[in-house]
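Notes for the structure review
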Amino acid sequence: QVQLVESGGGLVQAGGSLRLSCAASGRLFEINAMGWYRQAPGKERELVATITTGGQTIYGDSVKGRFTVSRDNAKNTVSLQMNALKFEDTAVYYCAVHQGEGDYWGRGTQVTVSS
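One structure accompanies this document, and this report is about it.

Right, let's get into the layout of surface pockets. By volume, the largest pocket amounts to about 190 Å³. Around the largest pocket, the lining residues are Arg 38, Gln 39, Ala 40, Lys 43, Glu 44, Glu 46, Phe 87, Glu 88, Thr 90 and Ala 91. The residue makeup of the lining of the largest pocket, split by class, is three nonpolar, two polar and five charged.

Bringing the sheet that holds strand E3 (residues 18–26) into the picture now. One open sheet accounts for four strands, arranged E1-E3-E8-E7; its pairing is antiparallel. Each edge of the sheet is formed by a strand with only one pairing partner; in this case those strands are strand E1 (2–7) and strand E7 (67–72). With direction set aside, neighbouring strand axes in the sheet form an average angle of 15 degrees. In this structure, E1 lies alongside E3, joined through six bridges in antiparallel fashion. From the neighbouring strand, Val 5 faces E3, where its bridge partner is Ala 23.

Once that is clear, we can look at the packing of aromatic side chains. Per the counting criterion, the structure on display carries one aromatic pair. Aromatic side chains Tyr 37 and Trp 105 sit 4.9 Å apart centroid to centroid with 65 degrees between the ring planes, which places their arrangement in the edge-to-face category. Separated by 68 residues along the polypeptide, Tyr 37 in strand E4 (residues 31–39) and Trp 105 in strand E10 (residues 102–105) bring together distant segments of the chain. Overall, Tyr 37 belongs to the buried group, its relative accessible area being 15%. Looking at Arg 45, its charged tip hangs above the ring of Tyr 94, at a distance of 3.9 Å from the centre.

Examined bridge by bridge, E4 and strand E5 (residues 46–52) share six bridges and lie antiparallel to one another. Its bridge partner lying in E5, Gly 35 is registered against Thr 50. Here E4 folds back onto E5, and the loop between the two strands holds six residues, one of which, Gly 42, carries a positive phi near 80 degrees. Pairing of E5 with strand E6 (residues 57–59), which is carried by three bridges, proceeds in the antiparallel orientation. If you follow Ile 51 over to E6, its bridge partner there is Thr 57. If you look at the hairpin formed by E5 and E6, you'll find four residues sitting between the two strands, and Gly 55 has a positive phi there, around 95 degrees.

The rules behind the values
Every chain is numbered on its own, with residues counted from 1 as its sequence reads. Thresholds applied to this predicted model are a pLDDT of at least 70 for local features of residues and 80 or more for the giving and counting of side-chain atom pairs; totals over whole chains, interfaces and linings are not thresholded and use all residues. Only hydrogens and water are removed before side-chain values are computed, so all heavy atoms of the structure are retained for them. A pocket here means an open set of points on a 1 Å grid, computed over the protein atoms alone, that has protein on both sides within 12 Å along at least five of seven lines. A cavity is instead a set of points where a 1.4 Å probe fits but cannot get out; residues with an atom within 4 Å of a point line either one. Grid points are joined across faces, edges and corners, and a volume is the space filled by probe spheres set on the points. Gly counts as polar in this scheme, as do all residues outside two lists: the nonpolar Ala, Val, Leu, Ile, Met, Phe, Trp, Tyr, Cys and Pro, and the charged Asp, Glu, Lys and Arg. By definition, two strands form a pair when at least two bridges between them are found by DSSP. Labels follow the DSSP assignment, with helices taken as runs of H or I lasting at least four residues and strands as runs of E lasting at least two, numbered in each case from the N terminus. Angular values range over 0 to 180 degrees, each being the angle between N-to-C directions of two axes fitted as lines to C-alpha atoms, with helices fitted over their stretch in contact. Here a pair means two rings of Phe, Tyr or Trp (six-membered ring of Trp) with centres within 6.5 Å. Their orientation is stacked below 30 degrees between planes, edge-to-face above 60, and tilted elsewhere. The buried label goes to any residue with under 20% of its type's maximum accessible area, the exposed label to any with over 50%, and the partly exposed label to all in between, with areas taken from a 1.4 Å probe on protein chains only. Think of it as a cone above the ring: NZ of Lys or CZ of Arg counts as a charge over the ring if it is within 6 Å of the ring centre and within 35 degrees of the ring normal.

Spelled out as structure tokens, the structure:
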């Protein structure tokens, strides 16, 4: 089993910043990538950002230039620095680990941006 524990969500005004963190533990073998996804009410889950073990990153179009994903391979942690937050960034944010044997998800942390 793999456990993912997210932290750092909350309420912030538009234009503000938040930092999300996620710690992975358990049966972690050959992690390909770690990252963040989000799901707003009535919408499908979407990619926010992922980062590979080698440091390659992929960002969703709506967050490019505002969000930065980082990772500590030794500690199996991944973080998401979110700047210039917009009302439309409001969602539940999920941490994910992509391994050869499958994908694992955290329970999610709520991010609410007030306009």
